[in-house]
Structures are given as structure tokens and as C-alpha cells.
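# Summary of the model geometry
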Amino acid sequence: MKKHVLSAVIFMIGLALLLLLAGLVFMPKSNTKEAGIIDAAANGILGEPENTVDTLFLGDSLAYSAFIPMHIWEETGSTSYVCSTGEQQLQYTSELLKKAFTHQSPKTVFLEANVIYRKVNLGTVIYTKLYDAFSVFRYHDRWKDLSVQDLTRRKNYSWTDDEKGFRYFTDVRAAEETDYMAGDEYASAEIPDLNKALLKELADTCAEHGAELVIISVPSMKNWSRAKHNGVRALAEEIGVDYYDLNAPGTLMIDWQTDTRDKGDHMSYSGAVKVTDYVIERLAEKQALTDHRADPAYAPWHEAFARVKAKNAQ
Amino acid sequence: MITFSSYFDTAFLVLFLPVSVAVYMILPRQNLRRVWLLLCSLFFFWCDGKGLLVFILLSTLFMHHGGLWLGKLQNELDAALTDLPKEEKKAVRERFKKRKRLVLAFFIALELGMLAVLKYAGFFVNNLNGLMGLFSSGTRFIVPHFLLPMGISFYTMQAMSYLFDVYRGKLAPDTNIGRLLLYMSFFPNIMEGPICRWSDTAESLWNAERVTYERLTRGAQRILWGMVKKIVIADRLNPFVQNVFGGYDVMEGADLLHFDFTAYPGWVVALAAAAFTLQLYAEFSGTMDFALGLGEIFGVHTPENFQRPFFSLSISEFWKRWHITLGTWFRDYVFYPVSMSAPVKKLTTRARKKLGNRFGPLAGGAVALFAVWIFNGLWHGAGWNYIFFGMYHFTLILLGNIADVVMIRFSEKTGFKRDILPVKLFRIFRTALLVVLGELFFRAPTLRQGFSMCGRIFTQFITNQTVSRAAWGVDWKDAFIVGVTAAIMLVVGLLQEKGKGIRERVSEKPVVLRYLFWYAVVLFLVVFGAYGAGYIPVDPMYAEF
């Protein structure tokens, strides 16, 4: 029996080593989309110089449509990055946050609340953890583009996104104004237990790194409701974090004729500017804005800003 | 909360499977291992549908009570016969036979009733409404939509086979409802079968033997092979099959445009039908490898469900090699009883007189075959395309049976040899083509679409349409890797056909070679599997039936 246990252990150790080794080969050697990195814009934070990002934004497409780091830079000189991806799930949010903390020490982390209600199952949570440990699982599909260089080159994640994770859209598609935040004052949309646990893990990670977690709901007629507001507010109180709901009547003057790019689902650029201005005010209140504009170490931000301005002006 | 969409779900593979096996291994007593297996099975079922667990419990209860009642009647009959004079025995037997039939019919109705209501009620009400519409009746019934308990078609058939066997006196009824429940709910078999028989499986399941190193490794190896089939082939083909059969969307500017199969020339539709057939085989047989491998670990005798079906020379042979446990179930509980029924026997006798001894028996067989295939079609799903699928195979088998008689005569007269390789290869290819055509109707969302797709193959095989990358859903590298894996499956199949098992061959090699071989298989699966970002795994196809 002992012999069998020993051979099984040896087999498993060998397998784990093999998978780790394969991970080294399959892992993209650069953090660009062309090199095969998944969610390149969100992973662009890995290319930012160490400890240069003051504020982090997490969430799904609502987040990358609403928070404009370059607007914050222009207005305050403070740096920020949007680590958001389409249909993001909380376990992936958590992974992106942990990755960001390996190089950065943001003071404030904003979580766009829509992810809190996105259904997560245990299988997805497990495979995200597994993917963390063995990157071959995440990047196995690169066999299609693998070259000899993947065997010889070392990892060099130095690329960063000029927009810092924000996605600029010129589209404007008006939404028919509705009182989407009306409804039962006490109704509360239930947050699944697994999602709650993941959110608490997220809060703990922020606390461990000395960052303040803030939950924020950006205006979205299609995604938000009074019941969701109540559900998130209760959870925010439970874990002791601030919650700002920009859907709440009177919080932000959103013009649904011009401030949405797709009939009330996501913000248009003008809507995003309003949301970002609101965030700047809250950050100022928290005294979490540092002006880096005169610091030569932040020269790449000036250059990126100029490029963004030029590109968006076209 | 945990839900298991299939045995290939990460939560199942990384959590449920290792925990269920590891705890089973460390439990010292047989009773504890039985209870553990039962708990695991019920938990697995509960994760799927929570309240739906009640249906499998009810089904087991009916099976248990039905079996006991039938057994009691048999005992009463035996007691009554002991002191009776010979001339009265026949009458008593007849009386008890009627009572047993009534009891059997009652419990079969209960078992089938649950299946009929949950699975077929919507289909029948829909058709009833359609029929009433034809007669301009304003009355319409509300079409019910019920959630289907996982594996209901499979465990209902297991329950019915148990009741039939007790009725026929082949089995003694079991008094232990726990044993029956474990047999019904054993989690490796619940999702897609195989459909087990009590006499094959129940004892080994209840024995809950200790896991041996040999069984553990052999079972794990079979599971791994099943995963390769499912994740490398079935899941990788999914976007292409889904696009052609279900349509695909393309963003053009701000508009989302939908395209259906008419966006493809006929040859691509034919290719999709072939791809679906391969996908179905890889998914279903891969899941069977998983189920049988897991059964092997627990020491459970589970019947094989596939025997290299694409080496079949005829459709009839194909169905002896594909979903074997379903075929044998219909053979034993539909085909034989119908064939042996008085009206069919009479028909056969008459046909023999009129058509002779060669063609005559085919008439009675055709009636029984028709019954088998109408049920087979319906078993697969509540839809006209499934009924058509059943009738398609009924027609092919019937024609095949007639052609067989003709060919035998032809061979006798001309000396034509049917068992030479070129003829065999032709027959294999022809059978595969007919199977692929049938699968087109099986996969099409409606019978109408099935006919349209089929028509496109025959009338617009080549068109000037260009198929975009988005329309293909896969690229040439995907096709290449599917081709390589299918070729490996073919080689493995050929070796198995010759009685040479891969696992046995590998186990005879030195340890280093053994390890390298299995590392290579794992790495092949990890690298070429279609999972992760951008992939949607195919749902367990037979779990819906």
C-alpha cells in the first residue's frame, strides 16, 4: 500500500511540475493583446511603474464605460486605472485586484456594483484559483500562436494602456426616460451567498493592503433598480464600506438623451465625464487625490494624455 | 450554490469527485461506504434540482412497493398451487397472472405517468391545441412547462426493467429500499446512463468494495480518455455546430444581424451534420467512459454503452453498438413482448404462408420494430423531429432486413462475397452516411428545419456564398486538432476491435514510460481542450432525453 501511495504522490508531483513548466511556455511574454494576454486593457496596469496608481476601478462594462482616468489626471493630477472587463464576475474581480496589488498600492478601490449581482458558481471560482496557480490552464489556447521565442524569451510586462482601462465610445443612443428607481422602498434584491463571500474577500484584500474599498453604482437604467440599491446598501453597511449610488434620484443630473451610448445600458462619453467628476469630488472629500503633474516620474502620464487627446479629437 | 452542469464541470472534477472518492477510500466499513455512496448520489441530484429529488424518491418507492406486491402474489400463487389437483392449477395460474398483470400495469403507469407528465405534457398539449385549431375550435389549453429531474428517462427505465423482471420471475423482489435507491440514483450513471439492469449492477453496487490501487488507476485512466473525447473534440466542435444549426449573430455597425443555415452552402451544412455526429459520439461516449471509469473505481459493474459504432456494416448493427443499454432495453421489454404477442404471432404465421420462410418472419418483426422505434424516437425527446428520427431508423432497419435476405440469395446464386474488405469498407461508409443524415434531423431544432437543411444539401451543395470566420465559429487549427484526436480515436477503436486494450498495453511498460505516456495524455487534454475564455462547453446531450 505504501508503495502505491508513494508512486501516486510522485506521479502527482511530476504532473504539477509539468503543468508549471508548461505555464512558463504558454504564458504570454508581453502583456499586449498581440502577445496573447487576455483582457489586455485591464492587465495594462501590470505595465505601470511600481506604486504609481492612486485609485483603482473594478467592475464590468459599466465601469470601463464610466470612469475616465485621463479626466481625473487632467483635473487633479491624480492617477487611476480601470481594471474592468466585460461581464466580469466577482472571482475574476478579486483576481485582478490581487494582481494589481503586486505592483501598486492604490489608496482607494472603487467597485462598480453591477458585478455583485452577476451569478457566480463554485466551479468558476475554483477554476479561477486553479488558473492562478497554473497559468497553462488560462493560456493553453496559445498553442495556436506559439513560437520558438516562447521557449526562450523572458516575461516582460511593460505595456500600458493610454486610456488606463477606460474605453472611449463616440456613440450616443438616447433612452426613453423612465422612473427605473421607483418601486417598493423596502424591496431588496438578494445577493447570493457565494457573491457575498467573494465581496468580503475583496474587502479583506483591500484592508490588508491599506486601501479603502468603495462600492459605487454608475447610472444604468437597464441594470439597476431600487431593490438592487437596497440589497447593496445593506451589504455595504454589513461589511463597513461606503456606497454611492449614482442612480439614486438627485445624486447626478443624468440626461438620458445624451449621456448614454446604448439606450440606458452604458454611459456615453458625456455621461462618463459626469460620473468621473462625481468620483473626483468624493476622492477630494476623502483627501485621496495627490497631484503628480509636476513629478518627472509621471512624465509618461503627460505623454499618454497627449496621445489620448489627439486620438479622441480625430 | 453548487450546481453540476456535467461531470466535466470544474466543481465536480476538482471538488465533488476527489472528495467522494477519497472519503469512500478511507471509510473502513462496508455499511459506511454504502451510506456514503448514497449520500453523494442524493447530494449530486439535489444540487441539480433540489425539490426535483422527490421524483426519484417516488420512483424508487413505486419500484419497491410494486416489486414487493408482485413478489407477494407470486408467493401466494406458489402456496396455492402446492395442494391443488393438476386440473385446477391452470385456472389458478391464469387468475394470478391477471392479478399480477394488473399490479404491474398499475406501477408501470405510475412510473411512466411521472415521465409522461414532466417530459411529454407540453408536447401533447401543443399538438392538441394545433389539432383543435384545425377544426376552428376556440378552445386552447395552457401548455405546461415542467422542470425535468436529471436523468428521469434513464432511471424510469431502470425502475421499469426491475418491475418487469420481478413480474417475469427473473428477479426476487428486494425488501431493502436503500439498496433500490442506491441503484436508481448512483451518481456516475444518473446524468446520461448507461441504463443499468438490477441483475448486472445492484449487487456490486451494494457490495461497496474497497478501492484497490489497480481499479483506481484504471478508472482514472478511463476518465481521462473520456475527458479528451468530450473536451478536445465535442467542445471544440461546438461553435461550428451551434452556428450552422442554431444560427449566429454578427454586429454590423450598431445593428445585430442574425443569420441561419441558409447563409451556408449545402456542403457546409453536410459538414455540420457530420461534425455534429462526431460531436455527439465524442460527448456521449466520453461521458460513458467517465461514468464507467468512476464505476470501476467504486468496483461497480456498469454495462458498456458503446462498441465502436462507426465500424458497423449496417444500421441494424450500428444500433447494437451505439447506446447499447437502450437498445437491449427496447429489445427485452418492447421487441420481444410485441413479437411474442398473440396477434403478431398470428400475423407471422400468415405471412410465412404467403411470403415464404425467408420473408414471412419479417412481417411480424416489422410490427415489433415499429413499436421499438416509435418509443425510441419519443424517448429521445418530445418533438416531431425525434419521432421522425425513430421512423427513419425503423425504415432503414426494415429495408436492411429485406435487403439482407435478397443479398443472401444473390450471394448464393452468384458467389458474390460480402465479407471481403472493399465491400466491408463500402458498407461501413454507407452506414456512416445514413447515420449522419439521421443525426441532421436529430439535431435540427424543428422537423421543418431538418427538411430544409437536408434539401439544401441536395439542391444547393455548392453556391457562391462565402463563409466568414464568424460563421465558421472555428478555424483551421481547431479543425486540425479535432482531426488528429478523431484519428487517435480511430486507432484506439481499431486496436480495441482486435481485442487489444490500450490501458493493458501501457500498464505492461516500465514505470517511466507509463508515466510519460499518461503525462502526454494529460498535457494533450490541458493544451488542446476547448475550455476557458471564449469557449462554451457543450451541455450533456443525452441528459436532456
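Residues numbered from 1 in each chain as written. Chains lettered and ligands numbered in written order. Predicted model: local features only at pLDDT ≥ 70, side-chain atom pairs only at ≥ 80, totals over all residues.

## A closer look at the overall build of chain A
What counts here: Helix and strand definitions here come from DSSP, where helices need a minimum of 4 consecutive H or I residues and strands a minimum of 2 consecutive E residues; each element is numbered from the N-terminal end. Throughout, radius of gyration means the C-alpha value; the globule benchmark is 2.2 Å times the number of residues raised to the power 0.38. Residue pairs are scored as contacts if the distance between their C-beta atoms, which are placed from the backbone, is within 7 Å.
In terms of helices and strands, chain A carries 12 helices and five strands. Since a compact globule built from 314 residues should have a radius of gyration of about 20 Å, the 21 Å found for chain A is in line with a globular shape. Along the three orthogonal principal directions, the C-alpha set of chain A runs to about 70 × 50 × 35 Å. A sequence separation of at least 24 residues applies to 82% of the contacts in chain A between residues at least 6 apart.

## Things to note about the interface of chain B and chain A
So the rule is basically this: The nonpolar class holds Ala, Val, Leu, Ile, Met, Phe, Trp, Tyr, Cys and Pro. Asp, Glu, Lys and Arg form the charged class, and all remaining residues, Gly among them, are polar.
Tallying the contact residues gives 20 residues for chain B and 22 residues for chain A. Secondary structure elements with two or more residues in the side of chain B that touches chain A: helix H1 (10–26) and helix H20 (511–528) of chain B. With seven residues, H20(B) is the single largest residue contributor to the side of chain B that touches chain A. Looking at the side of chain B that touches chain A residue by residue, the class counts come to 14 nonpolar, four polar and two charged.

## Here we look at the sheet that holds strand E3 (residues 108–112) of chain A
All names here are of chain A. Using the following cut-off: Any two strands with at least two DSSP-identified bridges between them are counted as paired. Every axis corresponds to a line fitted to the C-alpha atoms, with the helix fit spanning only the stretch in contact, and the corresponding angles, defined between N-to-C directions, vary from 0 to 180 degrees.
With parallel pairing, five strands are arranged side by side in an open sheet as E2-E1-E3-E4-E5. The open sheet terminates on both sides in strands that have one partner only, identified here as strand E2 (80–84) and strand E5 (242–245). Between one strand and the next, the sheet's axes are offset by a mean angle of 20°, whatever the strand orientation. Pairing analysis gives five bridges linking E3 to strand E4 (residues 212–217), with the strands arranged parallel. Looking at the pairing, Val109 lines up with Leu213 of E4. Of the strands in this sheet, strand E1 (55–59), E2 and E3 touch helix H5 (residues 90–101), which is tilted by about 160° from E1.

## Details of helix H13 (residues 342–380) of chain B
Residues and elements named next belong to chain B. Heads up, the condition is: What a helix is expected to span follows from its residue count: subtract one and scale by 1.5 Å. A residue's bend is simply the angle between two axes: one fitted to the seven residues ending at it, one to the seven starting at it. Buried residues are those with 20 or more other C-beta atoms within 10 Å of their own C-beta, exposed residues have 12 or fewer, and partly exposed residues lie in between; C-beta atoms are placed from the backbone.
Here H13 contains 39 residues, and its C-alpha end-to-end distance of 29 Å is more than 12% below the 57 Å for a straight helix at 1.5 Å per residue. Of all the bends found along H13, the most pronounced is centred on Gly356 and spans about 135°. Those residues of H13 that sit buried are Gly364, Gly365, Ala368, Leu369, Val372, Trp373, Asn376, Gly377, Trp379 and His380. Structurally, H13 contributes buried residues whose contacts are with helix H5 (152–167), helix H12 (324–339) and helix H14 (384–414).

## Concerning the domain arrangement of chain B
Residue and element names in this part refer to chain B. Let me state the cut-off plainly: Throughout, the edges of the domains are those of an automatic or database domain assignment.
When the domains of chain B are assigned, the result is domain 1 (10–210), domain 2 (212–302 + 462–545) and domain 3 (316–443). On a C-alpha basis, the centroid separation for the pair domain 1 and domain 2 is 32 Å. Taken together, the contacts link 20 residues of domain 1 with 17 residues of domain 2. Among the elements of the structure, H1, helix H7 (187–190) and helix H8 (198–207) are those that each provide at least two residues to the side of domain 1 that touches domain 2. Broken down by element, the residue count for the side of domain 1 that touches domain 2 peaks at five residues, all from H8.

## Notes on helix H6 (residues 177–185) of chain B
Looking at H6(B), one finds that the buried residues are Leu180(B), Leu181(B), Leu182(B), Tyr183(B), Met184(B) and Ser185(B). Those residues of H6(B) that are buried lie in contact with helix H2 (30–49), helix H3 (53–82), H5, H7 and H8 of chain B.

## A few points about the environment of Ala16(A)
Residues and elements named next belong to chain A. When you line up the elements, Ala16 lands in helix H1 (residues 2–26). Judged by C-beta crowding, with 12 C-beta atoms within 10 Å, Ala16 ranks as exposed. Taking the C-alpha atoms as reference points, Ala16 and Phe134, separated by 118 residues in sequence, lie 8.5 Å from one another.

## A short note on the pairing of strand E2 (residues 255–259) of chain B
The side chains of a regular strand alternate, residue by residue, between the two faces of the sheet. All names here are of chain B. Counted residue by residue, E2 has zero buried out of five residues, so it is predominantly exposed. Pairing between strand E1 (residues 248–252) and E2: five bridges, direction antiparallel. Bridge pairing in E2 links Asp249 to His258.

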